[in-house]
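# Fold and contact review
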Amino acid sequence: MKMKKYNAPSIAEAMKLIRADLGEDAVILNSKVVVTKKFLGLVKHKSFEVVAGVDQIEKKPVLPSLQNIQPFSSSYLQEQESVLSTSNIPNVESIKAPQEEKSTLPEELKKEIADLKLIMQSMQRMSTKSQYPDELLPFVDFLKEQELGEELITAISDELFVHSKNSDAKLQNLEMQKMTQQILKQKMEDLPIDGLSYDRKYINVLGPTGVGKTTTIAKMAARAVLEKKKKIGFITTDTYRIAAIEQLKTYAGLLQAPVEIVYNANDYDEAIKKLDHLDLIFIDTAGRNYKEVKYVADLKVLINFDEDVESFLVLALTSKQKDLEAVIEQFDNFPIEKFIFTKLDETNSIGTMFNLMIKYKKGLAYYTNGQEVPEDMEQANLDTLLELFFKENVNERSS
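A brief look at the structure comes next.

Definitions and cut-offs
- Residues numbered from 1 in each chain as written.
- Predicted model: local features only at pLDDT ≥ 70, side-chain atom pairs only at ≥ 80, totals over all residues.
- Heavy atoms only, no water.
- Core = buried A, V, L, I, M, F, W, Y, C linked by side-chain atoms within 4.5 Å.
- Buried < 20%, exposed > 50% of the residue type's maximum accessible area, 1.4 Å probe, protein only.
- Contact = heavy atoms within 4.5 Å.
- Helix = DSSP H or I, 4+ residues; strand = E, 2+ residues; numbered from the N terminus.
- 1 Å grid on protein atoms, 1.4 Å probe; cavity = no way out; pocket = protein on both sides within 12 Å on 5 of 7 lines; lining within 4 Å.
- Points joined across faces, edges and corners; volume = space filled by probe spheres on them.
- Nonpolar A, V, L, I, M, F, W, Y, C, P; charged D, E, K, R; others polar.

### Brief notes about the nonpolar core
Core analysis: the biggest nonpolar cluster contains 78 residues, and Phe 341, Met 353 and Phe 354 have the highest contact counts within it. Once residues within four sequence positions are removed from consideration, Phe 354 is found in contact with Leu 148, Leu 184, Met 188, Leu 385, Leu 386 and Phe 389. Within the second largest apolar cluster, 25 residues are counted, among which are Ile 203, Ala 222, Phe 234 and Val 314.

Right under this line is the structure:
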């Protein structure tokens, strides 16, 4: 048997090296975690040492098949025979190259390529499953269904793999959940995860169209009035949608709060002066396609983002992660510390929340799970958030 030792940052990477070097018949003989210290022991680096082996089988050389050798066509041979019969020494230019006969080869080739793609996809799925023991595969599938990022899934699966290797007992689902929560908690423990701070006067609520921004502002404002007894007011810059203004006016009337409508920077300055006597001022920005730079630039001109402003970016969990990332990156130069995620009750997977928070180092203020004001909104808490990840259905998450 041929044996070889591999060192890689993850089990998945080690498996790739083993398959590339020893082939699909290789087996893992031993594995362990190796921790090395750098910078006088202040920095620890973790890697995986895996010993793999494969039985050596002498392979016989494969000779090309005669069936693959294509003969000249009969028409070409007859044509060259005619050329040779008219001259003892034919002109080289007079000898024509063999013409390809019309055949169905392109169609056959397309079919073969399509079949090969299916085989490769099947092999890729099988190789992914072969990285971990059978007992871990249902849990890994669950993480994928929750749309957790590939890097996070690899980190979690590697930890579970090492634990299962070093344990005599089979890992139970509850143990895997707790280990997953611990890993995610370590990655998010330095992020600000809570609601309004109430130490800044101006509350900017940003976000693209259709995410439920105005309703979310109403929920935040209602809690500030009912729970904290704050005097509040509203400023809206969403003059593109008449319905949005009327909706905000309705909420403001119920809370007995003034509303100022802003069309330009001068209007904004005037509104700030009129509402200066209040404890909190909630600013509802226009819902636009913020993947376009123009609308972000307009927002910077209109609103003053100074030290007395607390800004939140509202995102809908029903949107694709790539689209949400495009929006977040447009707001990269804004002082946004926390996200607000809406429409939790309209999705079956919430891994996107964790992916975006960890990737962009942003905290979480609230998540909403319905249209009722102010009930259908939860203030974020890290432990509750991690428990939420393992709720089995939407109803449990919304309750």
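### Here's the deal with unusual backbone geometry
Along the chain, Val 373 connects to Pro 374 via a cis peptide bond; the corresponding omega equals 0°. Along the chain, Pro 374 falls in the loop between strand E10 (363-368) and strand E11 (377-379). Phi angles above zero are rare outside glycine, and Gln 256 is one such case at about 55°. Mapping Gln 256 onto the fold places it in the loop between helix H8 (242-255) and strand E6 (259-261).

### Quick look at the layout of surface pockets
Which parts of space are left empty comes out when a probe the size of a water molecule is rolled across the atoms. Size it by volume and the second largest pocket reaches roughly 330 Å³. Lining the second largest pocket are Pro 9, Ser 10, Lys 46, Phe 48, Ala 155, Asp 158, Glu 159, Met 179, Gln 182, Ile 183, Gln 186 and Lys 187. Elements represented by at least two residues in the lining of the second largest pocket include exactly strand E3 (43-54), helix H5 (150-166) and helix H6 (173-188). By residue number, the principal contributor to the lining of the second largest pocket is H6, which donates five residues. For the lining of the second largest pocket, the per-class residue count stands at five nonpolar, three polar and four charged.

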